[in-house]
Structure formats: C-alpha cells, structure tokens
Amino acid sequence: MDAGYPAARAGALQRHVRDAYLRPFGGMRQAGIAEQLGISQMRVSRLISLRCDRLRDQVMRGAA
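Criteria and cut-off values
Residues numbered from 1 in each chain as written. Predicted model: local features only at pLDDT ≥ 70, side-chain atom pairs only at ≥ 80, totals over all residues. Heavy atoms only, no water. Helix = DSSP H or I, 4+ residues; strand = E, 2+ residues; numbered from the N terminus. Buried < 20%, exposed > 50% of the residue type's maximum accessible area, 1.4 Å probe, protein only. Contact = heavy atoms within 4.5 Å. Areas by Shrake-Rupley, 256 points an atom, 1.4 Å probe, with all protein chains shown as cover. Core = buried A, V, L, I, M, F, W, Y, C linked by side-chain atoms within 4.5 Å. Salt bridge = Lys/Arg side-chain N within 4 Å of Asp/Glu carboxyl O.

Points about the overall build of the protein chain
Looking only at helices and strands, one finds three helices and zero strands in the protein chain. What you see in the protein chain, going N to C, is helices and strands ordered as α-α-α. Of all 64 residues assigned to the protein chain, the portion counted as buried reaches 23%. For the protein chain, the share of sequence-separated contacts (at least 6 apart) that also reach a separation of at least 24 residues comes to 48%. Surface accessibility of the protein chain: about 4700 Å² in total, with carbon and sulfur atoms responsible for 54%.

So, the nonpolar core
Grouped together as the largest cluster of nonpolar side chains are eight residues: Leu13, Val17, Ile33, Ala34, Ile39, Val44, Leu47 and Ile48. By residue number, the principal contributor to this core is helix α3 (residues 41-63), which donates three residues. Those residues in contact with Val44 that lie beyond four places of it in its chain are Val17, Gln30, Ile33, Ala34 and Ile39.

What to know about the pattern of salt bridges
Inspection of every chain in the model, using the stated rule, returns one salt bridge. Among the ionic pairs, Asp53 bridges to Arg56, the shortest N-O distance being 3.3 Å. Here Asp53 pairs with Arg56, and both are found in helix α3, just three residues apart, close to one helical turn.

Shape is all these values report; function is a separate question.
In structure tokens:
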C-alpha cells in the first residue's frame, strides 16, 4: 500500500471495490469505480488484484 493510505482506509477501499466491481451484476468499469471512490483507476486495479489473490489463497487452503 502507498504511504498515504493507512491500512484501515485501504481495507475500506478494498471492500468498496469488491462491492462495486466483483458483484455479479455491478457492470461498472474500473474507471467508473475510481471516479466514484475518488481514487485512481490504477489503485482500483491493484485492489481488485489483491482481492483476487486473497480469494484464490482461501480457495486453495480449503482445497488442501
């Protein structure tokens, strides 16, 4: 995370991104999410990637 984003704020952003983007029928693009949350599209992309990595790790732990 960037120095300007405390962990608590980053967690909140991740939840917002998940709710807005990973919801089955959200239909929002990363640029739209970024605009809505007041962050960059690159940050949205990184947060989505992080969430996907965590989800994959959870699935793999459950499959083991």
